[in-house]
Amino acid sequence: MIDLRATYEQRYNDVLLPLATNLELYIRDIFAGIERIDRISVRPKSIDRFISKSLAKNEAGTNKYSDPLEQIQDQIGARIIVLFKQDVEKISNIAEESFRYVENKDVEPEAVYEFSYFGKHFISLIPHDVLDDTWPRAIIPGFFELQIKTVFQHAWSEASHDVGYKPMLGELSREDKRALAFASAQAWGADKAFADIFDQLSVRAAMQKA
Amino acid sequence: MPIESIHTYLVHPRAQGDEHRNIGGIDVPLNGKLFDTLNSVYEKSDDECDIDIAFVPNGGRQQNDCRDLILSYIRDRSLDTGRLIANRLREHTTNRSKQGLLVLMYGREGSDHRLVISRYPTNTGILAEENARGLDVQFLERVFMRSAYSYKAAVYQHASLERFWDGRAVDKQISSRSLPTPEYWIHGFLHSDFRTTSAQGTRRLAVALKKAIGSVDNLELKQELVAAATLARGMAGQATSVSGFCDRFNLSVLAREAIMSNLPNTAVAAEQFSLDVAVFDQEVAYRTIQLDSGVFIAASAREFEGLVNREELDDGQERFSVTGHIINERLRRGSLS
């Protein structure tokens, strides 16, 4: 029986931290010069968050992960935050060409009238370019997660993570959950407003050029 | 002895109506001459399979039909689970490829699982045996040889089956420039692609080349590298690697070293990818501005804005300014017209 915390802690310090630094530089280089990227960040999943995720249960109440060190694929998480919804698509197209992904999905609520988390997620193979020959092969993760979101989607997910997934002051009430959905709808509306304005400005600029 | 099981199947090309025909296969005993031959293939598979590949996901989900068959086979190794892989190979084998012998070899390397999948093409041969009366010669119709140009293999290895998303393959037809790139082994049967995307690999080559050009002082060496960069456009869409690129243009040892020393690590030099000229140009291209005064300003297209200051003047003219140390200055013959 391995000590999961100690094993992950060693992986975190020996490989994940330097790997995240290398991957961030690599991603910054790919997207250099592209307009309206608010920020790019890459970081390893913290030891506490990894341990917490490794204990997740299925609906049936059994352990979701039988081998968390291999099955948890977001031990390295990369984020690209952009200004407008149109930019999410543009950046996603470049990401599709630049990384060998094994999963590519738009994460959004199932029903069209629901509001919660929105974002574009990729699970990609770690590019060999960011590896160091001296790292022990056995503890290098195989994948990283890349999230591409607007600033409003990002703001909502960061704020709701603390109050929703990691309740600071106890469980959320129905009213609290409704307020979170309302905030998500507001963020969605803000994205739509800016996307519409951006589209209109682009049309006007094209007409002026013509 | 790391090999734990070997299954082999004779796979004919697909033909209408034979979808339900059972593919013949046997469980190969783990001793004897056949085993010795296959064991050597298993042991050499790491060196022989030199193309890094990855399974292609199905519609963005983490699922791939070929991968599913491979995992099922590893979890329950039997003639029947292996036959499902053979069936898949039949579906992707055309008449042009003729029949082949599929061999599945599974073993453990320490805590790692290792699966080697090989396909031996059919060939003909002559068997000559000396006996008391002289020589006995026979024509052999079905001989399976690894040395043949269309031998193919793939190897997957990791301690966790979760990680069986990437592996390595060999396809001797891909290496042969005289033949069209065969799609059926890597793209069809394995439903995989190069692990390195075109954009990834091309950027890796272009950045290393650009840095190499910038780092060498010797003018001849610089010119050799610039010439290779210029000729790279002719390789559009071709499978190559950083090492393959150096071989293709027969680069000198110093030029090759200059490129290799600008790679992030040694392992990436051999990784294959399809060269994407648009990406290459983006990284290596120079942006040039010519003024009516006769002055040319040239800089790397990607860095142009940061390197060249541009100022609009009231009379419609523009002022450009650049800063740096002079490292080379030459006179060129030019036309005054």
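This text goes with the structure placed above it.
Every value quoted in this text rests on a predicted model; they were computed, and no experiment measured them.

Enquirer: Requested: an account of the pairing of strand β4 (residues 100-109) of chain B, with residues and values cited.
Expert: All names here are of chain B. β4 sits mainly inside the fold: seven of its ten residues count as buried. Relative to β4, strand β1 (residues 3-11) runs antiparallel, the two being bridged by eight bridges. By the bridge assignment, I6 is partnered in β4 with M105. As defined by bridge partners, β4 adjoins strand β5 (residues 112-131) across ten bridges and the pair is classed as antiparallel. Its bridge partner lying in β5, L102 is registered against R119. Counted along the chain from β4 to the antiparallel partner β5, the turn is two residues long, and its residue G110 has a positive phi close to 65°.

Enquirer: Explain helix α6 (residues 198-215) of chain B residue by residue, including any values.
Expert: End to end, α6(B) covers 25 Å across 18 residues, agreeing with the expected 26 Å (1.5 Å per residue, within 8%). When you tally the buried positions in α6(B), you get 13 out of 18 residues, the bulk of the element.

Enquirer: Tell me about the nonpolar core, and please be specific about residues and values.
Expert: Core analysis: the largest hydrophobic core is formed by 39 residues, its most contacted members being A:I27, A:F31, A:I80, A:F144 and A:L146. The set of elements that each furnish at least two residues to this core consists of α1 (4-30), β1 (37-44), α2 (47-54), β2 (76-82), α4 (85-98) and β5 (143-150) of chain A. Ranked by the residues each element gives to this core, the list is headed by α1(A), at eleven residues. Those residues in contact with A:L146 that sit more than four places away from it in its chain are A:A78, A:R79, A:I80, A:A95, A:F99, A:K120, A:H121 and A:F122. A:L125, B:L71, B:A169 and B:L190 belong to the second largest nonpolar core, which has 37 residues in total.

Enquirer: Outline the interface of chain B and chain A, supporting the account with residue identities and numerical values.
Expert: Facing the 29 residues of chain B at the interface are 29 residues of chain A. Surface buried jointly by chain B and chain A totals about 2,500 Å² across both partners, of which 41% is contributed by carbon and sulfur atoms. Counting the surface chain B buries against chain A, the share from its top three residues, B:Q62, B:R163 and B:R195, is 24%. Where A:R137 meets B:D112, a salt bridge forms, and the shortest distance between an N and an O atom there is 3.7 Å. Linking chain B with chain A are 15 residue pairs in polar contact (both at pLDDT 80 or more).

Enquirer: Go over the packing of aromatic side chains with me, naming the residues and quoting the values.
Expert: Inspection of every chain in the model, using the stated rule, returns 16 aromatic pairs over all chains. Between the aromatic rings of A:F115 and A:F118, the centroid separation amounts to 6.2 Å while the plane-to-plane angle is 45°, which identifies the pairing as tilted. Among the residues examined, A:F115 registers a relative accessible area of 25% and is labelled partly exposed. What makes A:F118 buried here is its relative accessible area of 15%. Ring geometry for B:W185 versus B:F189: centroids 5.0 Å apart, planes at 35°, classification tilted. With B:W185 and B:F189 both in helix α5 (residues 184-189), this residue pair falls four residues apart, about one helical turn. Since its relative accessible area comes to 0%, B:W185 is described here as buried. The rings of A:F84, A:F152, A:F194 and A:F198 are connected pair by pair, giving a single aromatic cluster. The aromatic ring of B:Y42 is capped on one face by B:R114, whose charged end is 4.9 Å from the ring centroid.

About the cut-offs
Residues numbered from 1 in each chain as written. Chains lettered and ligands numbered in written order. Predicted model: local features only at pLDDT ≥ 70, side-chain atom pairs only at ≥ 80, totals over all residues. Heavy atoms only, no water. Buried < 20%, exposed > 50% of the residue type's maximum accessible area, 1.4 Å probe, protein only. Helix = DSSP H or I, 4+ residues; strand = E, 2+ residues; numbered from the N terminus. Pairing = 2+ DSSP bridges. Expected span 1.5 Å × (residues − 1). Core = buried A, V, L, I, M, F, W, Y, C linked by side-chain atoms within 4.5 Å. Contact = heavy atoms within 4.5 Å. Buried area = accessible area lost by both parts, 1.4 Å probe. Salt bridge = Lys/Arg side-chain N within 4 Å of Asp/Glu carboxyl O. Polar contact = N/O pair within 3.5 Å; in protein donor to acceptor, adjacent residues only side chain to side chain. Phe/Tyr/Trp six-rings, centres within 6.5 Å; stacked < 30°, edge-to-face > 60°. Lys NZ or Arg CZ within 6 Å of the ring centre and 35° of its normal.

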